[in-house]
Amino acid sequence: MSRPAPENPPERQPRWFLILFALAAAGGAVGYVPLLTVLLPQRIADLQGGEDVAALAQVTFLGAVMASLANIVVGWLSDRSRVRRPWIAAGLIASNVLLIAVGEARSVSELIVLVMVWQVALNLMLSPLMAWAGDCFPDCQKGVLGGALALAPALGALAGSLVTYAGLVDPGARLGLVAVIVSVLVMPALVLGGGRVRPALMAPAFASLDPLHIRDRVVLRMWIARLLVQVAEGGMFAFLLFWLRSLAPGYPENGAANIFSAVLVCAVPASLIAGRWSDRHSRPVAPLISAAVMCATGMLIMAAAQTLDFAIAGYVMFAIAAAIFLALHSSQTLRVLPAPQHRGRDLGLFNLTNTVPGMVMPWLTVLLVPSFGFGALFVLFACLSLASAALLAGFARRV
């Protein structure tokens, strides 16, 4: 159910601010992707004298719990204060300081505590940053905003490759370089973004405007639809290398990493085109449905693959579609949230779709792969993606 059209629609944001905001969101991704995917496992190995899966699992799990709670609480606090930029600035400073401190940890116990506190500081920046997008960008720009947000995971992956490139920077200075990159990406939007909030997008809304709670059902469907695709995407991220090696023993690690990075880069222009189309045709949900169906198709190709080339083709289709879905979903979520005065808190609840899959995936894998192989897992992921498309199709004309 759409909100009544305002007599004076909010003014569109200029392109320069859209670009600066997309870079700031990318800075948020750069703030955590290199650490969690590459630098943290390496730091644990340095402290323990070798790989320690149990320690990495503990750090990752406790960090995810802290991130989930902090995102909701900080979002709520920024709602109450009715300002976002001071929170973002404080989070930027605190997360950079703690990021460097992580590199100085002298034991795994100290590392766990620092990562947990760092997650709180990081979400002090990330939570109000996304809520700020809802305060600034009108519905007529949410498609292209979502397309621009696809830049975040791409730059996050590229930053991970950059800071670990052999000979580029001393290992002890890698986290410091990450902090510098994050600051360079986030600061321009903070410094130049004053006065960008649109008052019409901040006007409080109340339940009495939606007596049938149609919007509440739409929000719930959006939440579940994202969770289903996130489970599939997270599973592939975690087990891509193992699956490729089941088809081609000895497949190199950098091969999987290169495919993953290339997919994220290719998803940026595809997301921008899809988002632009949705804005021009006032069909915000249609690209999400198409992307979810493409995810399922790619997964079914992967399940049937007997050769490496066929398998990679299926993965590329799935991964590009998933990246488009997640980027556009992030911006279109801002369209359906029922109450601007609770935007930060509600986005924190949506953020749970990013952390819950990490708790679900290991169990699905343990149950299916040893007995039925990766094909069964991919068929399940395809069913989840189709269910996501069906959920979204049920209200596509209402938003």
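Residues numbered from 1 in each chain as written. Predicted model: local features only at pLDDT ≥ 70, side-chain atom pairs only at ≥ 80, totals over all residues. Heavy atoms only, no water.

Trainee: How should the overall build of the protein be read in this particular structure?
Mentor: Counting secondary structure elements, the protein contains 14 helices and zero strands. The linear arrangement of helices and strands in the protein, starting from the amino end, is α-α-α-α-α-α-α-α-α-α-α-α-α-α. Compactness check: the protein gives a C-alpha radius of gyration of 21 Å against a globular reference of 21 Å for 399 residues, within 12% of the reference. Seen along its three principal axes, the alpha-carbon backbone of the protein occupies a region of about 65 × 45 × 35 Å. Looking at the protein alone, contacts between residues at least 24 apart form 83% of all its contacts between residues at least 6 apart. Accessible surface, the protein: about 17600 Å² in total, of which carbon and sulfur atoms supply 68%. (Helix = DSSP H or I, 4+ residues; strand = E, 2+ residues; numbered from the N terminus. Rg over C-alpha atoms; globule rule 2.2 N^0.38 Å. Contact = heavy atoms within 4.5 Å. Areas by Shrake-Rupley, 256 points an atom, 1.4 Å probe, with all protein chains shown as cover.)

Trainee: What is the right way to read the side chain of R335 from this model?
Mentor: Among the structural elements, R335 can be located in helix α11 (residues 308-336). Since its relative accessible area comes to 14%, R335 is described here as buried. (Buried < 20%, exposed > 50% of the residue type's maximum accessible area, 1.4 Å probe, protein only.)

Trainee: Whenever I open this one, the pattern of salt bridges confuses me. Can you help?
Mentor: In this structure the tally under the stated criterion is seven salt bridges. We note a salt bridge from D135 to R343, for which the minimum N-O separation is 2.6 Å. Remark: R343 occurs in helix α12 (residues 343-350) and D135 occurs in helix α4 (residues 108-136); sequence separation between them is 208 residues. By the burial criterion, D135 is buried, and R343 matches it. (Salt bridge = Lys/Arg side-chain N within 4 Å of Asp/Glu carboxyl O.)

Trainee: Would you mind going over the packing of aromatic side chains with me for this structure?
Mentor: For the structure on display, the rule yields seven aromatic pairs. Ring geometry for W16 and F17: centres 5.9 Å apart, planes at 75°, overall edge-to-face. Taking relative accessible area as the criterion, W16 reaches 38% and is therefore assigned partly exposed. A relative accessible area of 0% means that F17 is categorised as buried. Both rings, one in F374 and one in F378, keep their centres 6.1 Å apart while their planes meet at 25°; by these two values the pair is stacked. Linking F374 with F378, this pair stays in helix α14 (residues 374-393), spanning four residues, or about one helical turn. When sorted by exposure, F374 lands in the same class as F378, which is buried. Taken together, the ring pairs in this structure connect W16, F17, F21, W132 and F137 into an aromatic cluster. (Phe/Tyr/Trp six-rings, centres within 6.5 Å; stacked < 30°, edge-to-face > 60°.)

Trainee: How do you make sense of the packing of helix α10 (residues 286-304) against α11 when you look at a structure like this?
Mentor: Two numbers describe a pair of packed helices, the interaxial angle and the distance between the axes. Across the interface, α10 lies against α11 with an axial gap of 8 Å and an inter-helix angle of 155°. As far as their axial angle goes, α11 and α10 are roughly antiparallel. Between α10 and α11 the crossing geometry is left-handed. Within the contact between the two elements, α10 uses P287, L288, A291, A292, M294, C295, T297, G298, M299, I301, M302 and A304 and α11 uses F310, A311, G314, Y315, M317, F318, A321, A322, I324, F325, L328 and H329. (Axes fitted to C-alpha atoms, helices over the stretch in contact; angles between N-to-C directions. Parallel < 35°, antiparallel > 145°, perpendicular 65-115°, else oblique. Left-handed = near helix turned anticlockwise from the far one by under 90°.)

Trainee: What is the right way to look at the nonpolar core in this model?
Mentor: Here is a general trend for soluble globular proteins: nonpolar side chains tend to be buried in one another's company. One finds M236, W243, M299, Y315, F318 and L392 to be the most contacted residues of the largest nonpolar core, which totals 118 residues. Those residues in contact with F318, other than ones at most four positions away along the chain, are A232, E233, M236, C295, G298, M299 and M302. (Core = buried A, V, L, I, M, F, W, Y, C linked by side-chain atoms within 4.5 Å.)

Trainee: Teacher, can you tell me more about the confidence of the model for the protein here?
Mentor: Low pLDDT means the predicted coordinates in that region are not meant to be read closely. Per-residue confidence for the protein averages 88 on the pLDDT scale, and 92% of its residues sit at or above 70. With pLDDT under 50 throughout, residues 208-212 is counted as low confidence; its partners more than four residues away or in other chains account for four contacts. (pLDDT = per-residue confidence, 0-100.)

Trainee: Which parts of the structure should I look at to understand the environment of G314?
Mentor: Along the chain, G314 turns up in helix α11. For G314, a relative accessible area of 0% corresponds to the buried category. It is 24 Å that separates the C-alpha atoms of G314 and L391, two residues lying 77 residues apart in sequence.

Trainee: How should α12 be read in this particular structure?
Mentor: One full turn of an α-helix is made of 3.6 residues, so residues set three or four places apart face in the same direction. In terms of burial, α12 is a largely internal element, six of the eight residues being buried. Along α12, the positions that sit buried rather than exposed are R343, G344, D346, L347, G348 and F350.

Trainee: I keep staring at unusual backbone geometry and nothing clicks. Help me out?
Mentor: A negative phi angle characterises most non-glycine residues, just as the trans form characterises most peptide bonds. Positive phi values are uncommon outside glycine, yet R82 reaches one of about 65°. Along the polypeptide, R82 turns up in the loop between α2 (53-81) and α3 (85-102). Of the residues examined, R82 reaches a relative accessible area of 51% and is grouped as exposed. Backbone geometry places S282, a non-glycine residue, at a positive phi of 50°. Residue position: S282 is located in the loop between α9 (253-280) and α10.

Trainee: Please explain a positive patch on the surface as it appears in this structure.
Mentor: Together, R12, R15, R276 and R280 give the surface a local cluster of positive charge. Looking at where R276 falls in the secondary structure, it is placed in helix α9. (Patch = residues over 30% accessible without salt bridge, like charges linked within 9 Å, V, L, I, M, F, W, Y side chains within 5 Å. Lys, Arg positive; Asp, Glu negative; His and termini not counted. Charge placed at Lys NZ, Arg CZ, Asp CG, Glu CD.)

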